[in-house]
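Coordinate analysis (summary)
Residues per chain, in single letters:
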Amino acid sequence: MTLPKEMNAVVIARPGGPDGLELQRHPLPACRDGEVLIRIAAAGVNGPDLAQRRGHYDPPPDASPLPGLEVAGEIAALGHGVSGRQLGDRVMALTNGGGYAEYVAVPAGQVLPVPANWTLEEAAALPETWFTITQTLVMRAGLEPGMTVLVHGAAGGIGGAAIQIATILGARAIGVVSSPAKADYARRLGAIATIDYTSEDIAVRALELTGGKGVDRVVDIIGGPMAERNIAACARGGHIVQVSTLDGATASISLRAIMAKQLTLSGSTLRPQTPAIKAAIAGRIRAELLPGLSQPGFVKPAITFFPMAAAADAHRAMEARSHLGKIVLVTAFGAAR
């Protein structure tokens, strides 16, 4: 196919509020050795995008300065050395930036086929959160069948992915939510129970739900005072995975409690990981999770769609914390399909 020299892309014209996002003309990204060029149908919106827009999360030196860490679309070009891919393949991918655009170049190891029964616009909601949870909860924290996982933000993107990944792998998820509507949504995704933190003590309820044992794993996006509650909710030998700090980057915790319960607290961010690590994560998703995603009865996350040109409105919606599931931007190519 003949590729254009320029494309529409959302740029951070002024770091700070959502109004700093602007749709502009931008050069088409070069497709380097080992990369594929994807014509984007849709791009997911994630917390790191908001942090980058505010000026708090600079991209790595070799990454695109444009926001956007996950996309779905069709392969438009293949870089030298790429095998096993064809022009026109329907794919979803974890990007190194640049997803808020009409085209993006991505290392081939970070590209996965779109699951059966999913549209491109739906598939764009998967990569960033599923890579994050696969890396942290599955690969690093060693999630095993039969374990109980306490999932904060259970009605959001990260939380929803944690519930569904745990369920596919034979673990049991308990979702922490803030409303009956979010509790219902978390249960639809597969949570065996929910805890409403606005009216229930998280640690007390987690112990009740596990017969006094406590939970084996915790996925926390909240931080701050939640750290102490996570420790109290854990079983002996538990592992707390910290993937964000929405309510505070510092916490006062009891080191003696961590020692007494033999707990592990680990933290990680996805974007700075090497291409080899990201490819390894993609391999685990392909082997262990894609079959589950492709089942006819799989419950897809709730998705709110915005046109790419309305990226500022999408960021406002995400900051409001009232939506369920994921927020996705749709390009003109995606809308016309």
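Residues numbered from 1 in each chain as written. Predicted model: local features only at pLDDT ≥ 70, side-chain atom pairs only at ≥ 80, totals over all residues. Heavy atoms only, no water.

1. A word on the overall build of the protein
Per the secondary structure count, the protein includes 11 helices and 15 strands. Relative to a compact globule of 337 residues, whose C-alpha radius of gyration would be 20 Å, the protein shows 20 Å and is just as compact. Considered along the principal axes of its C-alpha atoms, the protein spans approximately 65 × 40 × 35 Å. A total of 337 residues make up the protein; the buried ones form 54% of that total. Relative to all contacts within the protein whose residues are 6 or more apart in sequence, the contacts with residues 24 or more apart total 69%. Looking at the protein as shown, the accessible area adds up to about 14000 Å², and 54% of this sits on carbon and sulfur atoms. (Helix = DSSP H or I, 4+ residues; strand = E, 2+ residues; numbered from the N terminus. Rg over C-alpha atoms; globule rule 2.2 N^0.38 Å. Buried < 20%, exposed > 50% of the residue type's maximum accessible area, 1.4 Å probe, protein only. Contact = heavy atoms within 4.5 Å. Areas by Shrake-Rupley, 256 points an atom, 1.4 Å probe, with all protein chains shown as cover.)

2. A look at the pattern of salt bridges
Counted according to the given criterion, the structure contains 15 salt bridges. The shortest N-O distance in the salt bridge between E122 and K300 comes to 2.8 Å. Of this pair, E122 sits in helix α2 (residues 120-123) while K300 sits in the loop between α9 (275-293) and β14 (303-307), and the two are 178 residues apart along the sequence. One salt bridge in this structure joins R321 and D247, with 3.3 Å as the shortest N-O distance. Of this pair, R321 sits in the loop between α10 (311-320) and β15 (326-330) while D247 sits in the loop between β12 (234-242) and α8 (255-261), placing them 74 residues apart in sequence. (Salt bridge = Lys/Arg side-chain N within 4 Å of Asp/Glu carboxyl O.)

3. Describing unusual backbone geometry
In this structure, N117 takes a positive phi of about 75° despite not being glycine. Inspection of the secondary structure assignment puts N117 in the loop between β7 (111-113) and α2. Its relative accessible area of 52% is what places N117 among the exposed residues. We note that Q262 has phi near 55°; this positive angle belongs to a residue other than glycine. With respect to the helices and strands, the residue Q262 is situated in the loop between α8 and β13 (264-267).

4. A word on the sheet that holds strand β8 (residues 148-151)
Hydrogen bonds along the backbone pair up the strands of a sheet, which may run parallel or antiparallel. Strand order in the open sheet formed by six strands is β10-β9-β8-β11-β12-β13, and the pairing between neighbours is parallel. A single partner strand is all that each edge strand has here, and the edge strands are β10 (193-196) and β13. Adjacent strand axes in the sheet meet at a mean angle of 20° when their direction is disregarded. In terms of strand pairing, strand β9 (residues 172-177) meets β10 through four bridges, oriented parallel. Paired with G175 across the strands is T194, a residue of β10. Its contacts with the sheet put helix α6 (residues 202-209) on β8, β9, β10 and β11 (215-220), and the angle it makes with β10 is roughly 160°. (Pairing = 2+ DSSP bridges. Axes fitted to C-alpha atoms, helices over the stretch in contact; angles between N-to-C directions.)

5. Digging into the environment of H239
Tracing the backbone through its elements, the reader meets H239 in strand β12. Setting aside chain neighbours within four positions, we find H239 in contact with R140, A141, D216, R217, V218, T264 and S266. A polar side-chain atom of H239 sits 2.7 Å from a polar atom in the side chain of S266. (Polar contact = N/O pair within 3.5 Å; in protein donor to acceptor, adjacent residues only side chain to side chain.)

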